[in-house]
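Close look at the chain arrangement
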Amino acid sequence: MRWLLSLTLAAVASAAGAADPVKRPNVLIVMTDDQGLGDFSFTGNPVLKTPNFDAFARSAVRLTDFHCCPMCSPTRGQLMTGLSALRNGATSVTAGRTFLRPGLPTMPEVFAKAGYQTGIFGKWHLGDHYPHRPVDKGFKESVYHLGWGQLNSTPEFDYPLVDGRYFHNGAEKRYKGHCTDHWFDSATAWMKGCKARGEPFLCYLPTNAPHAPHVELDEFVKPYQGKGPAGFFGMIAHLDNRFGDLEKFLAAEKLTDDTIVIFTTDNGGTAGVPTHNAGLRAGKTTYYDGGHRVPCWVRWPNGRLGDPRDIETPTQNTDLLPTLCDLCGVEKPKRDPADAVYAGTSLAPLMRVPKAFPERTLVVQYGQTPKKFDCCVIRGRWRLVKGDELYDVWADREQKTDLAAKHPDVVKSLRDFYEGWWAGVEKTLDDFVPISIGGKPQPVVELTSGDWENIYADNSGYVREAVGGPTGGKWHILVEEPGEYTFTLRRWPEQTKAALGAKYEPSPKSPPNKAKLVTRDFPTIAAAKVDIAGVKAEAKADPKATGATVTAKLPAGKTTLKAWFSDADGKDLCGAFFVTVTRK
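Residues numbered from 1 in each chain as written. Predicted model: local features only at pLDDT ≥ 70, side-chain atom pairs only at ≥ 80, totals over all residues. Heavy atoms only, no water.

**Things to note about the sheet that holds strand E17 (residues 389-392)**
Hydrogen bonds between backbone atoms are what pair the strands of a sheet, whose relative direction is either parallel or antiparallel. Sheet architecture is open: four strands sit in the order E14-E15-E16-E17, paired in antiparallel fashion. Strand pairing shows two members of the sheet lacking a second neighbour, strand E14 (362-364) and E17, which therefore form its edges. Adjacent strand axes in the sheet meet at a mean angle of 20°, parallel and antiparallel pairs treated alike. (Pairing = 2+ DSSP bridges. Helix = DSSP H or I, 4+ residues; strand = E, 2+ residues; numbered from the N terminus. Axes fitted to C-alpha atoms, helices over the stretch in contact; angles between N-to-C directions.)

**Structural notes on the packing of helix H6 (residues 179-196) against helix H8 (residues 230-252)**
Here H6 crosses H8 at 10°, and the two axes come no closer than 10 Å. Judged by the inter-axis angle, H6 sits roughly parallel to H8. Counted together, Thr180, Asp181, Phe184, Asp185, Thr188, Met191 and Lys192 of H6 and His238, Leu239, Arg242, Phe243, Leu246 and Phe249 of H8 form the full contact between these two elements. Tallied by class, residues from the contact of H6 with H8 come to six nonpolar, three polar and four charged. (Parallel < 35°, antiparallel > 145°, perpendicular 65-115°, else oblique. Contact = heavy atoms within 4.5 Å. Nonpolar A, V, L, I, M, F, W, Y, C, P; charged D, E, K, R; others polar.)

**Some points on the pattern of salt bridges**
All chains considered together, the criterion is met by 31 salt bridges. Of the charged contacts in the structure, one is a salt bridge between Asp33 and Lys123, with a shortest N-O distance of 2.5 Å. Pair noted here: Asp33 is in the loop between strand E1 (26-32) and helix H2 (51-58) and Lys123 is in strand E4 (residues 117-123), with a separation of 90 residues, a long-range link. Per residue, the accessibility class of Asp33 equals that of Lys123, and both read buried. Across the pair Asp326 and Lys332 runs a salt bridge whose closest N-O atoms are separated by 3.3 Å. Note on Lys332: relative accessible area 37%, which makes it partly exposed. Taken together, the shared-partner salt bridges in this structure form one network comprising Asp33, Arg76, Lys123 and Asp266. (Salt bridge = Lys/Arg side-chain N within 4 Å of Asp/Glu carboxyl O. Buried < 20%, exposed > 50% of the residue type's maximum accessible area, 1.4 Å probe, protein only.)

**Observations regarding the packing of H2 against H8**
Their axes nearest at 7 Å, the elements H2 and H8 cross at an angle of 55°. As the angle between them shows, H2 and H8 are arranged oblique. Side by side, H2 and H8 meet where Pro51, Asn52, Phe53 and Phe56 of the first sit next to Ile236, Leu239, Asp240, Asn241, Phe243, Gly244 and Glu247 of the second. When its residues are assigned to classes, the contact of H2 with H8 shows six nonpolar, three polar and two charged.

Dropping the structure here:
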């Protein structure tokens, strides 16, 4: 039965109880990438077999109306800060909008302050450069890749998923085997060390699988050949296998009872949608439930969460930070009062005192250039999509029937709420968060087109097509220290060793080019140019060289950078998609 009973927050908090002040629980968050609600046999998928995920779901409290953002980085930013994407700054997966606003407390910072060890293993996607890296945001141990994924993202251009590259606390390294195994093995080794030292831990395990490219080991792919997207399903089978190993590890180390384990995903369905979508409409990037309604399964045997069950109250991933603070006895981050409408609410009362939870209105919104009413507003049974479509998902899970004309009062109420919500973020949407150069924590900065302002250029296909026009996009930059800087401009990433004027083709390890992208070359490149902080500088460029270096003397402060190539006649050709910046 779906009904809500309002209690005062103080009474609810008291009823929920606090964590044991002596022995605080560990926290393990597993979040897979591009795996929708329908991509589990537990939720009815007729092809996929996910016995380990299924077993965990059956042992957990299941938030069945749980929402994230319809895309990657915005979901991750909400999880880390407990604030809506448009409030925390990470509104998109690219376009200079993947960074959290400075000064916002993050989950690892909050838990580290409370005495927890904090570690991330896998996909970060909230910034590759200082001060946005995991190590800068509170993770004491960070094992991760750059950008949105390996092989095809701009910073991981041609680095494979098998025997690939990763970063350990900011230092570049190599791993052997499949990336999924590397993330799980690194996480379990670290948790084992924490346990041996008697240290409580917050372990964040966000995998890049099953996001494309669907490069997977044959043993996991072969069972699904001819039954749908075999590579995608194979990646999920591999994840399920390693999740089973994780469960065995927790049991062997006697960590199960005192570890809060949360499993969720970062957005709605993708490659698996045609096979099974759990009765939802649409998928990733959309504002229908199929884009942002995802699994969230929570287990803590010693946490007095009650029997495994479904909780149907609408919830959001911004709720997880305050929930974990309550469950672990960790002080919640101090908020600006203006943040209240954008901040999550602790779900501890909902799980420990069933039905004792106030009705809320939630907003799901993200975007490369967020626009008013390009969102979903959620209240109980209702979904207001893009400001004018209204659905009753209790009666119409697939969102087939628009009820806006029949319930104008509901539409007005939800629109009125959103008007106030939007007013609090609208003025800051073009306040871009900069990347630092010249800072001691990262003296050499490798910029990529993935962080150009308002241009979608975060994968190798866009680089090959040379998007961005004749001068490319611009980066938002904070010059940490005044002085002389060198800018090495490249058409192709340094690891390819490709010449500026070359027509560099995809790695033979890449999946087939289904989009039939056309690679553009610029054999007439003759000059490299930069425009930063009011300083314009240029240098000769040899189209047969891999890069061209320009020097400029800069003042400290916030600014923008443009870098591009031209021919001998001064005609602009294309942006520099990769720029290495060093303070001399």
